[in-house]
Amino acid sequence: MVDVNLYSRKKRVSRLKYSLIVLLIIVLLVLGSRFFVAQAFETRLRQVSRMKGYLFDNTGTYLTGNLKADIEMIYDKKQEYTVMKNKLSKQVNDLRAHVNSKSVEMDVFRTIEAYLEDENAMKTIASRIQFENGVGNSFYYLIFEGENVSFPTPKSTPTLLANPSVRGNLDFAELYSLQLVDLKVGGHNE
């Protein structure tokens with residue numbers, strides 16, 4: 001007669017059941033985590049494609065699915081736009097330098113304009129305005145009503161140093177007075 005230990009057989013079957021249950025739980029966890037990770041990557045890919053789709057559409061870039069070809073194409077586009085950016089930056093710097101060179105000239109003419117718009121005069125007649133080497137000269141007449149002649153003052157504060165000098169006053173027809181002004185704007189104060 002063979003001695004059979006039923007308790008150890010039950011124990012082995014029980015261990016086998018528990019091992020299968022644990023193995024089933026592990027498989028379910030792995031499959032479930034793989035599913036959730038795949039969903040997360042797919043969601044992120046959709047977000048990136050939505051965000052980058054506008055960029056791809058506007059640059060005429062389309063992904064082919066071949067990773068190596070796509071990387072090369074994107075690298076080439078990046079190089080192309082880097083060269084374009086550098087070219088445009090140089091143009092902007094050239095324009096900025098040109099504007100800065102013209103700003104002195106504009107300041108001179110703004111100052112001359114402020115003096116020409118004398119609020120005390122009835123009329124201003126400019127006979128000469130010139131600009132050379134950062135200095136502007138203007139020769140103009142101011143017509144006043146009656147004898148209310150005043151020294152030429154700008155309506156607004158000029159932006160540059162200005163030296164107006166009155167060359168002469170003339171009364172005519174007892175109704176008006178004429179003042180002749182020579183204005184120098186800019187340059188160095190001597």
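Conventions and cut-offs
Residues numbered from 1 in each chain as written. Predicted model: local features only at pLDDT ≥ 70, side-chain atom pairs only at ≥ 80, totals over all residues. Heavy atoms only, no water. Pairing = 2+ DSSP bridges. Helix = DSSP H or I, 4+ residues; strand = E, 2+ residues; numbered from the N terminus. Core = buried A, V, L, I, M, F, W, Y, C linked by side-chain atoms within 4.5 Å. Buried < 20%, exposed > 50% of the residue type's maximum accessible area, 1.4 Å probe, protein only. Expected span 1.5 Å × (residues − 1). Bend = angle between axes of the 7 residues up to and from the residue. Contact = heavy atoms within 4.5 Å. Axes fitted to C-alpha atoms, helices over the stretch in contact; angles between N-to-C directions. Phe/Tyr/Trp six-rings, centres within 6.5 Å; stacked < 30°, edge-to-face > 60°.

Caption draft 1: Here's a closer look at the pairing of strand β4 (residues 176–186). Bridge count between strand β2 (residues 135–145) and β4: 11 bridges; the pairing is antiparallel. From the neighbouring strand, Val-135 faces β4, where its bridge partner is Gly-186. For strand β3 (residues 162–172) and β4, the ladder comprises 10 bridges, and the chain directions are antiparallel. Following the sheet pairing, Val-166 is matched in β4 by Val-181. Counting the residues in the hairpin turn of β3 and β4 gives 3 residues, including Ala-173, whose phi is positive at 55°.

Caption draft 2: Molecular detail of the nonpolar core. One finds Val-108, Ile-112, Tyr-115, Leu-116, Ala-121, Tyr-140, Leu-142, Phe-144, Ala-162, Val-181, Leu-183 and Val-185 forming the largest nonpolar core, which totals 12 residues. For this core, the secondary structure elements donating two or more residues are α2 (67–116), β2 and β4. For this core, the leading source of residues is α2, giving 4 residues.

Caption draft 3: Expanded view of α2. Helix length check: α2, at 50 residues, gives a terminal C-alpha distance of 70 Å against a target of 74 Å (1.5 Å per residue), a fit within 8%. Maximal helix bending in α2 amounts to about 30°, located at Ser-103. Taken together, the buried residues of α2 touch β1 (123–132), β2, β3 and β4.

Caption draft 4: Structural context of the sheet that holds β1. Reading across the sheet, the 4 strands line up as β1-β2-β4-β3 and stay open at both edges, with antiparallel pairing between neighbours. Edge positions in the sheet fall to β1 and β3, since each of these pairs with one other strand and no more. Across the sheet, the axes of successive neighbouring strands diverge by a mean angle of 10°, strand direction being ignored. Here α2 sits on the sheet in contact with β1, β2, β3 and β4, set at roughly 160° to β1.

Caption draft 5: View of the packing of aromatic side chains. Counted according to the given criterion, the structure contains 3 aromatic pairs. Taken together, a centroid distance of 5.6 Å and an interplanar angle of 65° make the contact between Phe-35 and Phe-36 edge-to-face. For Phe-35, a relative accessible area of 47% puts it in the partly exposed group. Relative accessible area serves as the criterion here: at 58%, Phe-36 is assigned to the exposed category. Geometrically, the ring pair formed by Phe-109 and Phe-131 is tilted, given 6.0 Å between the ring centres and 45° between the ring planes. On the criterion of sequence distance, the pair formed by Phe-109 in helix α2 and Phe-131 in strand β1 is long-range, its members being 22 residues apart. Residue classification places Phe-131 among the partly exposed positions, given a relative accessible area of 28%.

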